[in-house]
Amino acid sequence: MAVEPPDQRRAFLKLMTAGLGALTAALAIIPGFGFLCGPLGRRTGRAGASPLRVAAERDIKPNRPLRVTAVGPHEDAWLRMEKVTLGSAWLVRTSEDGPIRAFSTVCPHLGCGVDFDESSGKFNCPCHTSAFDLDGRCLGGPSPRGLDELETHVEGRDVMVRYQRFRVGTSKREPIG
Amino acid sequence: MSADGAPTRAATKTGLRDWLADRIGLDELGNTIRAGQVPGGASLWHTLGSVAAGLFVLEAVTGVFLATTYTPSVTGAWASVAYIQDQLTFGWFVRGLHSFGSSALIVVAGLHLLQVLLFGAYRRPRELNWMVGLLLFGMVAVFALSGYLLPWDQKGYWAKLVEATIAGSAPVVGGSAQKFIQGGATFGSTTLTRAYALHAMALPALLTGLLVFHIYLFRRHGHTPKWSLSTEEAAARATPAWPDQTFRNAVVGLLVWGVVAVAVIARHGAPLESPADPTSSYLARPEWYALPLFQLRMFFEGPLEIVATMIIPAIVTALAFSLPFLDRGATNRPRDRRRVLTAAGLGLLALAVLGVTALAKDARNPVYAKARAEEKIRGETARRLALKGVPADGNVFRNDPAFHAREIWDERCAGCHNLAGAGGEKGPDLKAYNSRAWIRGFLTNPDGPLHMGPAKIDKGMRAVDGTPEEIDALVEFVYAETGAADADAARAGRGRDLLSPKDCDTCHDLDGEGENDGPNLKGRGTAKWVAAVIADAGHPLLFGDRNKMPKQRNKLTPDEIDEMTKFVLALKGK
């Protein structure tokens, strides 16, 4: 049996209402989704671009790791700060006048700050008990890799470190930021 | 009621109440509410759902109050929370209610869930409402986790950092999920604004909507009576929900709010640790309700970790959601649902054991105790300094004179002096300056690398020669001049008597007036003396012509010289 013309008209109106509603919703949802996911593709923070002075070379004693903080410029979304503590590093040298190596204090497991235990001569993570030797090698615990080494060199009397963050929880070292 | 009860007016309603009743349909609404019956009779068992809803209202109201003052920015968050906690009228109380109320909400919602489980109230036709309830419970958990970050203090920051990292460890989508939570590659401003938008906008709207649906479904299907009652018995014993059940709800609700309020008063509000410091080694621990998961993770290392963080939680969640369809028990009686209840009981026991294990392990851990003690001092210091007003960059420690002094030190002093005990560039190393050890080092080897050596003074002081007892006495004499309270007066006196035999007095006077070759020793190392050295070490009473240290008098304000003096004096004890 043929559909009555008014019903046909109403069926069309229903369809149009649903369509217009979907269009209206899309108008908010599409840009909204993009807005929310914006940070996924965007670089945030410009830290780690240049080496920062962290210590005087003469302060680094053999087998006595020194915890230093990297203070430098930092961009955070809409903020730009000139002097911000970006992070910490352990400076290690294993012999008098030997080369200095720098390790990020960020535990590669889940990002806690790694401490140095003088009695055992090892780096320990307080959160989940990962341990590392003076070369940054992982000795035990859940950390998927050794401590992250940072680029470092001596400039005149100063120890310079290029501070960087790395993705934690992965066996591969992946810089972020 | 109309005062005028004339029958002619009866047909057209009068008075504000009636006017409203007519416009809103108040009577119909009231009838609907009053019509509710509790099969099997009103009971304390049935109070938990409405008490949980009541706690949500408490959270919403106190949350709005907090939002009038809270500032979701990395520089302002901690400062505003410290202001609420320590300065605003009733701030500590309102914040305490909000914080402890959320813990109470988790407990009560959890008990509600267990009661539903015990009564078999998740079964046909209430399957959907069981799932809605689980969703609500999950939302409460996300509420709590996101709220934990907002003060931007140490514990919130680090707990959230670990959680975001766990999200990042998920296969395939992990990296994106973590960036999405953080609002970027690293923790920062957008992490906080996102958590705030979630906590104070999105979740309240979602949870309110879902809660209305939950209550609608509950009204549609009603209470589930105790398993021992048959349908007929339950119907026979039914009582009206209003006021029989609602009264019980009110009593238990008030009791729970009372417990929360007492806890808030007893603890003087919720804890607030020192501001988030991304460079510290903080011992991250989640809030109590997440401790079982924290402990569970300890059993799975390396690539197996996602078993604890994702796979087990996902399986438990899937089982919980499908429970209404898995439970094939003939009746609601516990003995017909033995498997379900045993599994639930074991699960609960596992949670408790894991949680207690985590607590017990930390209680036995001296590293943990030390970290907590250090944080306590840091937190108290930060909050005391915040009372002076937090600087706009959010660094409250700037208020600490020692912080400012350290900045001046780095800028003006560190070029020549050292504090690390490794020797200065052009001046003495001031590590433990004016301690006995420092003085002894100086007297026995004035031109050593830790003392005047780097300054390369022309015709400087000669090393003191003498028996160990004589050196001890001279050290004590110089030490006593600094005003040290623990100086041995007798020994210092013997040292003073040695000044002449040892030829010290050729260059050094002791009267505070003589302008000899070397510094006048009266009050050497006291605050006044240190301030004078900082101001102008070339003064004739001090180092005179031999001085190489630049005058600070015109570069630092008197207040700054005062701060630097305190800074230098404090070095002695380190």
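About the cut-offs
Residues numbered from 1 in each chain as written. Chains lettered and ligands numbered in written order. Predicted model: local features only at pLDDT ≥ 70, side-chain atom pairs only at ≥ 80, totals over all residues. Heavy atoms only, no water. Helix = DSSP H or I, 4+ residues; strand = E, 2+ residues; numbered from the N terminus. Rg over C-alpha atoms; globule rule 2.2 N^0.38 Å. Buried < 20%, exposed > 50% of the residue type's maximum accessible area, 1.4 Å probe, protein only. Contact = heavy atoms within 4.5 Å. Areas by Shrake-Rupley, 256 points an atom, 1.4 Å probe, with all protein chains shown as cover. Lys, Arg positive; Asp, Glu negative; His and termini not counted. Charge placed at Lys NZ, Arg CZ, Asp CG, Glu CD. Phe/Tyr/Trp six-rings, centres within 6.5 Å; stacked < 30°, edge-to-face > 60°. Lys NZ or Arg CZ within 6 Å of the ring centre and 35° of its normal. Axes fitted to C-alpha atoms, helices over the stretch in contact; angles between N-to-C directions. Parallel < 35°, antiparallel > 145°, perpendicular 65-115°, else oblique. Left-handed = near helix turned anticlockwise from the far one by under 90°. Core = buried A, V, L, I, M, F, W, Y, C linked by side-chain atoms within 4.5 Å. Buried area = accessible area lost by both parts, 1.4 Å probe. Salt bridge = Lys/Arg side-chain N within 4 Å of Asp/Glu carboxyl O. Polar contact = N/O pair within 3.5 Å; in protein donor to acceptor, adjacent residues only side chain to side chain. Pairing = 2+ DSSP bridges. Disulfide = S-S within 2.5 Å. Patch = residues over 30% accessible without salt bridge, like charges linked within 9 Å, V, L, I, M, F, W, Y side chains within 5 Å. pLDDT = per-residue confidence, 0-100.

(A) Expanded view of the overall build of chain B. A tally of regular secondary structure across chain B gives 21 helices and two strands. Compactness check: chain B gives a C-alpha radius of gyration of 36 Å against a globular reference of 25 Å for 574 residues, more than 25% above the reference. C-alpha atoms of chain B, sized along the principal axes, occupy 115 × 65 × 45 Å. Counting every position in chain B, which comprises 574 residues, the buried fraction comes to 43%. Here the analysis covers contacts within chain B between residues at least 6 apart in sequence; of these, 66% occur between residues at least 24 apart. When the accessible surface of chain B is totalled, it reaches about 29900 Å², and 64% of it is carbon and sulfur. Where the 61 positive side-chain charges of chain B centre and where its 55 negative ones centre are 11 Å apart.

(B) A look at helix 20 (residues 527-536) of chain B. Among all positions of helix 20 of chain B, only Trp-529, Val-530, Val-533, Ile-534, Ala-535 and Asp-536 of chain B are buried. Close packing links the buried residues of helix 20 of chain B with helix 21 (558-571) of chain B.

(C) Inspection of the packing of aromatic side chains at higher detail. Enumeration according to the criterion identifies 19 aromatic pairs over all chains in this entry. Of note, Arg-194 of chain B hangs over the ring of Phe-180 of chain B, and the distance from its end group to the ring centre comes to 5.0 Å.

(D) Quick peek at the packing of helix 20 of chain B against helix 21 of chain B. All names here are of chain B. Relative orientation of the contacting elements helix 20 and helix 21 amounts to 120 degrees, with a least axis distance of 9 Å. One element, helix 20, and the other, helix 21, form an angle in the oblique class. As for the relative orientation of helix 20 and helix 21, their crossing is right-handed in sense. In this structure, helix 20 contributes Ala-527, Val-530, Ala-531, Ile-534 and Ala-535 to the contact, and helix 21 contributes Ile-561, Met-564, Thr-565, Val-568 and Leu-569.

(E) Structural context of the nonpolar core. By size, the foremost hydrophobic cluster in this structure holds 42 residues, and its most contacted members are Phe-123 of chain A together with Trp-152 of chain B. Elements with a contribution of two residues or more to this core: strand 3 (79-92) of chain A together with helix 4 (77-86), helix 7 (154-168), helix 9 (189-221) and helix 15 (366-386) of chain B. Of the residues forming this core, the biggest block, six residues, is contributed by helix 7 of chain B. Leave out the neighbours within four places in its chain, and Trp-152 of chain B touches Val-74, Ala-77, Trp-78, Tyr-157, Phe-187, Gly-188, Leu-192, Pro-275 and Ala-276 of chain B. Within the second largest apolar cluster, 38 residues are counted, among which are Ala-473, Val-478, Trp-529 and Ala-535 of chain B.

(F) Region of interest: the interface of chain A and chain B. Contacts between the two partners involve 38 residues from chain A, matched on the other side by 42 residues from chain B. Between chain A and chain B, a total of about 3100 Å² is buried, with carbon and sulfur atoms accounting for 55% of that surface. Looking at the side of chain A facing chain B, the largest losses of area belong to Leu-40, Arg-58 and Leu-110 of chain A, adding up to 19% of the total buried there. Scanning the region where chain A abuts chain B turns up one salt bridge. A salt bridge links Arg-157 of chain A to Glu-425 of chain B; the shortest N-O distance between them is 3.3 Å. Viewed at the interface, chain B and chain A are joined by seven residue pairs in polar contact (both at pLDDT 80 or more).

(G) Examining the pairing of strand 3 of chain A more closely. All names here are of chain A. Bridging between strand 2 (residues 66-76) and strand 3 involves 10 bridges; their strand directions are antiparallel. Bridge assignment links Gly-72 to a residue of strand 3, and that residue is Val-84. In textbook terms, the turn of a hairpin is the stretch between consecutive antiparallel strands, and for strand 2 and strand 3 this stretch comprises two residues, one of which, Ala-77, has a positive phi near 50 degrees. Across four bridges, the pairing between strand 3 and strand 4 (residues 101-104) is antiparallel. Across the sheet, Val-92 pairs through a bridge with Arg-101, a residue of strand 4.

(H) How the structure looks around the sheet that holds strand 1 (residues 52-56) of chain A. All names here are of chain A. The six strands are arranged 1-10-9-4-3-2 in an open sheet whose pairing can be described as antiparallel. Unpaired on one side and paired on the other, strand 1 and strand 2 mark the two borders of the sheet. Adjacent strand axes in the sheet meet at a mean angle of 40 degrees, parallel and antiparallel pairs treated alike. As defined by bridge partners, strand 1 adjoins strand 10 (residues 158-162) across four bridges and the pair is classed as antiparallel. Opposite Arg-53, over in strand 10, you have Met-160 as the bridge partner.

(I) Molecular detail of the state of the cysteines. Within this structure, the stated rule accounts for one disulfide over all chains. The disulfide bridge from Cys-112 of chain A ends at Cys-127 of chain A, spanning 2.2 Å between sulfur atoms. Disulfide Cys-112 of chain A-Cys-127 of chain A: torsion about the S-S bond near -100 degrees, hence left-handed. Of this pair, Cys-112 of chain A sits in the loop between strand 4 and strand 5 (115-117) while Cys-127 of chain A sits in the loop between strand 6 (122-124) and strand 7 (131-132), and the two are 15 residues apart along the sequence. Exposure class is identical for Cys-112 of chain A and Cys-127 of chain A. Each is buried. Free of any disulfide, Cys-416 of chain B has its nearest cysteine sulfur in Cys-413 of chain B, 8.8 Å distant. Of all cysteine sulfurs, the one in Cys-507 of chain B lies closest to Cys-504 of chain B, which takes part in no disulfide; the gap is 9.0 Å.

(J) Seen up close, a nonpolar patch on the surface. All names here are of chain B. Judged by side-chain polarity, Leu-16, Trp-19, Leu-20, Ile-24, Leu-26, Leu-29, Ile-33 and Trp-242 come together as a nonpolar surface patch covering roughly 810 Å² of accessible area. Put simply, the parts of the chain that give the nonpolar patch at least two residues each are helix 1 (16-24) and helix 2 (26-35). At four residues, the largest contribution of residues to the nonpolar patch is made by helix 1.

(K) How the structure looks around the pattern of salt bridges. Taken as a whole, this structure holds 29 salt bridges over all chains when the rule is applied. The shortest N-O distance in the salt bridge between Asp-22 of chain B and Arg-23 of chain B comes to 2.9 Å. Close ionic contact of Lys-566 of chain B with Asp-562 of chain B constitutes a salt bridge, the shortest N to O distance being 3.5 Å. Here Lys-566 of chain B pairs with Asp-562 of chain B, and both are found in helix 21, just four residues apart, close to one helical turn. Exposure remark for Lys-566 of chain B: the relative accessible area of 56% places this residue in the exposed category. Within the structure, one salt-bridge network assembled from shared partners comprises Arg-101, Asp-133, Asp-135, Arg-137 and Glu-149 of chain A.

(L) Structural detail: the side chain of Thr-62 of chain B. All names here are of chain B. Note that Thr-62 resides in helix 3 (residues 48-67). On the basis of relative accessibility, which here comes to 4%, the residue Thr-62 falls in the buried class. Sequence-distant contacts of Thr-62, defined by excluding residues within four places in its chain, comprise Val-94, Leu-97 and His-98.

(M) Seen up close, the confidence of the model for chain A. Across chain A, pLDDT averages 87, with 93% of residues at or above 70. Ranking the helices and strands of chain A by mean pLDDT puts strand 4 of chain A first, with 95, and strand 12 (residues 175-176) of chain A last, with 82.

(N) Seen up close, the environment of Ala-164 of chain B. Residues and elements named next belong to chain B. Residue position: Ala-164 is located in helix 7. Residue class for Ala-164 comes out buried when judged on its relative accessible area of 1%. Those residues in contact with Ala-164, other than ones at most four positions away along the chain, are Gln-178, Ile-181, Gln-182 and Phe-187.

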